[in-house]
Amino acid sequence: MEQKITGSEALLKALIAEGVDTIFGYPGGQAIPIYDSLYDYRDQLKHILVRHEQGATHAAQGYARVSGKVGVTVVTSGPGATNTITGIADALMDSTPMVVIAGQVPSPLLGTDAFQEVDVIGITQPITKWAYQIRRPEEIAWAVSRAFYIASTGRPGPVVLDLAKDAQVGLVDYEYQKVDYVRSYQPEPDIREERIEVAASLINNAKKPFCLVGQGVILGGAEEELKEFLLKNDIPAGSTVLGLSALPSDFPLNKGMLGMHGNVGPNRKTNECDVLIAIGMRFDDRVTGDLKTYAKQAKIIHLDIDNSEIGKNVPVDVKVLGNAKHTIPMITALLEERKRPEWNAEFEPDEKEEYNKVIEKELYPTEGQLKMGEVVRKVSEATDNDAILVTDVGQNQMMGVRYFKYKQTRSVVTSGGLGTMGFGLPAAIGAKLGAPDRTVCFFTGDGGIQMTIQELGTIMQENLNVKIIVLNNNFLGMVRQWQELFFNERYSNTIMKNPDFVAIAKAFGIASRAVDKREDLDEAIAEMLNHDGAYMLVANVETCGMVYPMVPAGGSVTNMILGDK
């Protein structure tokens, strides 16, 4: 008989059996046995020591989003566990596969208000796919396998394992069995062929079909299937923020981004098409605007793997439940080969209007202070439009997703549903580790960078080649924009007095410079990209820049603000 091993060693063996090679974490009292065992597995499991547990979760998210693997976080009990809550909620909203392993006080002390005890399961159940407390070492291998199965299948999401300290130190006969079935959990729903046929018939008979592309296409690995579907019937498409990069930016039927700060054409055509095909997206309020006026003229087909999302916000005419990788080609097989030159040409006036009123001024200014959009454009072009874009949240995020361009899938890492400021810096760390051969460009505002600025220490320690672009306007820019447009320019607590970001970066051993003048921007970007290692470029942009177009909150997607009042 094999020698018994500790629960903590069983945990690490189980992680390795699941293909894990990178862990993001922070040690503490109730996780010390895990970290002690990790000492002997350093060659198989790379541990990234973050500077705050929230950073561990966002780094795991960035890693998962670019690699397609499950992100893994290990923390201690009490505040260590509660510091992961924001990242767990973010991962649930954005369907990111993640397993968070939290140490817990010994099981005899549970419920006694022991030092650093907190009800992790009670706190995290509403924001996870599964949360489970492990009290015996015999449960560890089973719980890990189940956690990875649940996190990575169906609509992905976060799972929490709360691991009591006595289970970590107890001895167990280790045996790993891969979980591939959980009773009452059906990650791949049955596909109803009659709905496929109805959907295909609606599209074939449509004069003006329009496709909304969500992250479900990327999560299902259905990018090529989507291209074939669109090309066969000549269907124009718009993307949600998280669906960006499912189609290359220059794909001929890619009409741009949907939503509050999306492109004019996709938003307007949502209310002009006769058949709306939504794939792997949830009709978020930032995409739909006023539901009373949203796509009322259209027949709506919704493809999604999550039954709870279909019909939740927008009533649909055809419900196609299943993984997009399977359902899209089934519909494509029934589509007629079609060219729709007149319909696709209807986007051109909208594109021209947006270019003349918004894009030209933002991307190609000739005077005044630097603009956020021009910085984003120039960085994207300098990477041959083939880098990974990571953003924080706010104006930097919207400018980033609007003006960065993509050639490959899994090239956008941003906090969509929860809108978490501070997400970007640790997410960029995870993205670089998840795709080490790709350039990672992280855009942030002066507000967001300061929320998790301590993670510069992680970049320093791991010597990670992350390119950081701070769009510094000395404001909480997005809130300021709302205050200007809707609150009579009452700038309440949005003015930021900032530190010397260049000095801070250099204190962490990160090369850095600031740029203020347009004539210096190209050279500064080249210096950043050519530098062998992490680099922070602080772009001091116009103080009161605006992100246009903009659909006012609760307004119709056809009523977009295209410029200053």
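Per chain, the residues get numbers from 1 upward, laid out in the order the sequence is written. For a predicted model such as this one, the threshold for reporting local features is a pLDDT of at least 70, and the threshold for listing and counting side-chain atom pairs is 80 or more; totals across whole chains, interfaces and linings nevertheless cover every residue. The side-chain numbers reported here are obtained from all heavy atoms of the structure, hydrogens and water having been left aside.

**Quick word on the packing of aromatic side chains**
Part 1 of the argument: Here a Phe, Tyr or Trp ring, Trp counted by its six-membered ring, pairs with any other such ring whose centre lies within 6.5 Å, and the pair is stacked when the planes are under 30 degrees apart, edge-to-face when over 60, and tilted otherwise. Under the counting rule described, the total for this entry stands at 13 aromatic pairs.
Part 2 of the argument: Taking the centre distance of 5.9 Å and the plane angle of 65 degrees together, the rings of Phe24 and Tyr63 count as edge-to-face. Of the two residues, Phe24 is situated in strand β2 (residues 22-25) and Tyr63 in helix α3 (residues 53-67); the sequence distance between them amounts to 39 residues.
Part 3 of the argument: Ring centres of Phe475 and Tyr491 lie 5.7 Å apart, and the angle between their planes is 70 degrees; this geometry places the pair in the edge-to-face category. Of the two residues, Phe475 sits in the loop between β18 (466-472) and α22 (477-486) while Tyr491 sits in the loop between α22 and α23 (501-507), which places them 16 residues apart along the sequence.
Part 4 of the argument: Put simply, the rings of Trp130, Tyr132 and Trp142 touch in pairs and so form one group of aromatic residues. Comment: elements are numbered from the N terminus, with helices defined as DSSP H or I runs of at least four residues and strands as E runs of at least two.

**Considering helix α11 (residues 223-233)**
Part 1 of the argument: Burial here depends on accessible area, computed with a 1.4 Å probe over protein chains only, as a share of the maximum for the residue type. Under 20% is buried, over 50% is exposed, and the range in between is partly exposed. Within the span of α11, buried status applies to Glu223, Glu225, Leu226, Lys227, Phe229, Leu230 and Asn233.
Part 2 of the argument: Close packing links the buried residues of α11 with α9 (193-204), β9 (209-213), α10 (215-219), β10 (237-239), β12 (275-279) and α14 (324-332).
Part 3 of the argument: Among the residues trailing α11, Asp234 stands out with phi positive, at a value near 55 degrees. Every residue pair with non-hydrogen atoms within 4.5 Å of one another is taken to be in contact.

**So, the sheet that holds strand β4 (residues 71-75)**
Part 1 of the argument: Only when DSSP finds a minimum of two bridges between them are two strands counted as paired. With parallel pairing, six strands are arranged side by side in an open sheet as β3-β2-β4-β5-β7-β6. Each of the sheet's edge strands pairs with one partner strand only, and the pair in question is β3 (46-49) and β6 (130-134). Averaged over neighbouring strand pairs, the angle between their axes works out to 20 degrees when direction is ignored.
Part 2 of the argument: Bridge count for β6 against strand β7 (residues 158-164) is five bridges, and the pairing is parallel. When the sheet's bridge partners are listed, Ala131 is paired in β7 with Val160. Only C-alpha atoms enter the line fits that serve as axes; for helices the fit covers just the stretch in contact. Angles between N-to-C directions range over 0 to 180 degrees.

**Some remarks on the sheet that holds β9**
Part 1 of the argument: The parallel open sheet is built from six strands, whose spatial order is β11-β10-β9-β12-β13-β14. In this open sheet, the two edge strands, each paired with only one partner strand, are β11 (254-257) and β14 (318-321). Recorded for the sheet is a direction-independent mean angle of 20 degrees between the axes of neighbouring strands.
Part 2 of the argument: Summarising the sheet, β12 and strand β13 (residues 299-304) pair through five bridges and their orientation is parallel. Bridging from a neighbouring strand, Leu276 pairs with Ile300 of β13.
Part 3 of the argument: Contacting β12, β13 and β14, α9 runs over the sheet at an angle of about 130 degrees to β14.

**Comments concerning the pairing of strand β20 (residues 535-540)**
Part 1 of the argument: Among the six residues that make up β20, five are buried, leaving the element largely enclosed by the rest of the structure.
Part 2 of the argument: Strand direction decides the pairing type here: β18 and β20, joined by six bridges, are parallel. Opposite Lys467, over in β20, you have Tyr535 as the bridge partner.
Part 3 of the argument: Where strand β19 (residues 511-515) lies against β20, five bridges are found, and the strand directions are parallel. Across the sheet, Val515 pairs through a bridge with Ala539, a residue of β20.

**Description of the UniProt feature "domain: Thiamine pyrophosphate enzyme central" (unreviewed entry) in the protein chain**
Part 1 of the argument: Using the residue numbers shown here, the UniProt feature "domain: Thiamine pyrophosphate enzyme central" (unreviewed entry) corresponds to residues 196-329.
Part 2 of the argument: For residues 196-329, the end-to-end C-alpha separation is 10 Å, with 31% helix and 20% strand making up the annotated structure. UniProt positions are given in the numbering used here, feature names are shortened, and annotations may be inferred rather than shown by experiment.

**Some words on the pattern of salt bridges**
Part 1 of the argument: The salt bridge criterion pairs a side-chain nitrogen of Lys or Arg with a carboxyl oxygen of Asp or Glu, the two atoms within 4 Å. Inspection of every chain in the model, using the stated rule, returns 29 salt bridges.
Part 2 of the argument: For Asp306, the salt bridge identified is with Arg155, shortest N-O distance 2.8 Å. Here the residue Asp306 occupies a position in the loop between β13 and β14, and Arg155 occupies one in the loop between α7 (140-152) and β7, the gap between them amounting to 151 residues.
Part 3 of the argument: Judged by its relative accessible area of 23%, Arg155 is partly exposed.

**Some words on the nonpolar core**
Part 1 of the argument: Within the largest apolar cluster, 49 residues are counted, with the highest numbers of intra-cluster contacts made by Phe24, Val390, Leu456, Ile459, Ile468 and Met536.
Part 2 of the argument: Here this core spans two domains, and each of domain 1 (5-172) and domain 3 (369-540) adds at least three residues to it.
Part 3 of the argument: Residues within four places of Val390 in sequence aside, it is in contact with Val413, Gly424, Ala427, Ala428, Ala431, Val440, Cys441, Phe442 and Phe443.
Part 4 of the argument: In this structure, Leu244, Val376, Leu485 and Met560 belong to the second largest nonpolar core, which totals 44 residues. In this text, buried Ala, Val, Leu, Ile, Met, Phe, Trp, Tyr and Cys residues form a nonpolar core when linked through side-chain atoms within 4.5 Å. Per the annotation, domain bounds derive from an automatic or database assignment of domains.

**Considerations on the domain arrangement of the protein chain**
Part 1 of the argument: Domain boundaries assigned for the protein chain yield domain 1 (5-172), domain 2 (193-345) and domain 3 (369-540).
Part 2 of the argument: Each of domain 2 and domain 3 was reduced to a C-alpha centroid, and the two centroids are 31 Å apart.
Part 3 of the argument: Note on definitions: buried area is the accessible-area loss of two parts on being combined, 1.4 Å probe, summed for both. With both chains or domains summed, domain 2 and domain 3 bury close to 1,300 Å², and 61% of this area falls on carbon and sulfur atoms.
Part 4 of the argument: Three residues, Ser245, Ser249 and His261, lead the burial of domain 2 against domain 3; their summed loss comes to 38% of the area buried on that side.
Part 5 of the argument: In this structure, the connection of domain 2 to domain 3 is made through zero salt bridges.
Part 6 of the argument: Definition of a polar contact: a pair of N or O atoms within 3.5 Å, with one able to donate and the other able to accept a hydrogen when the atoms are protein atoms, and with sequence-neighbouring residues admitted only if both atoms are side-chain atoms. At the boundary of domain 2 with domain 3, the tally comes to six residue pairs in polar contact (both at pLDDT 80 or more).
Part 7 of the argument: When residues are sorted by character, Ala, Val, Leu, Ile, Met, Phe, Trp, Tyr, Cys and Pro go into the nonpolar class, Asp, Glu, Lys and Arg into the charged class, and all the rest, Gly among them, into the polar class. Residue classes in the side of domain 2 that touches domain 3 are distributed as nine nonpolar, five polar and three charged.

**Structural notes on helix α19 (residues 424-434)**
Part 1 of the argument: Burial analysis of α19 places ten of its eleven residues in the buried class, the great majority of the element.
Part 2 of the argument: Residues Gly424, Leu425, Pro426, Ala427, Ala428, Ile429, Gly430, Ala431, Lys432 and Leu433 constitute the buried set of α19.

**Focus on the pairing of β18**
Part 1 of the argument: Judged by how many residues are buried, β18 sits mostly within the fold: seven of seven residues are covered.
Part 2 of the argument: Burial of the side chains of β18 extends over both faces: Val466, Ile468, Val470 and Asn472 are buried on one face and Lys467, Ile469 and Leu471 on the other.
Part 3 of the argument: Relative to β18, strand β17 (residues 440-445) is paired through six bridges, and the arrangement is parallel. Bridge pairing in β18 places Phe442 opposite Ile468.

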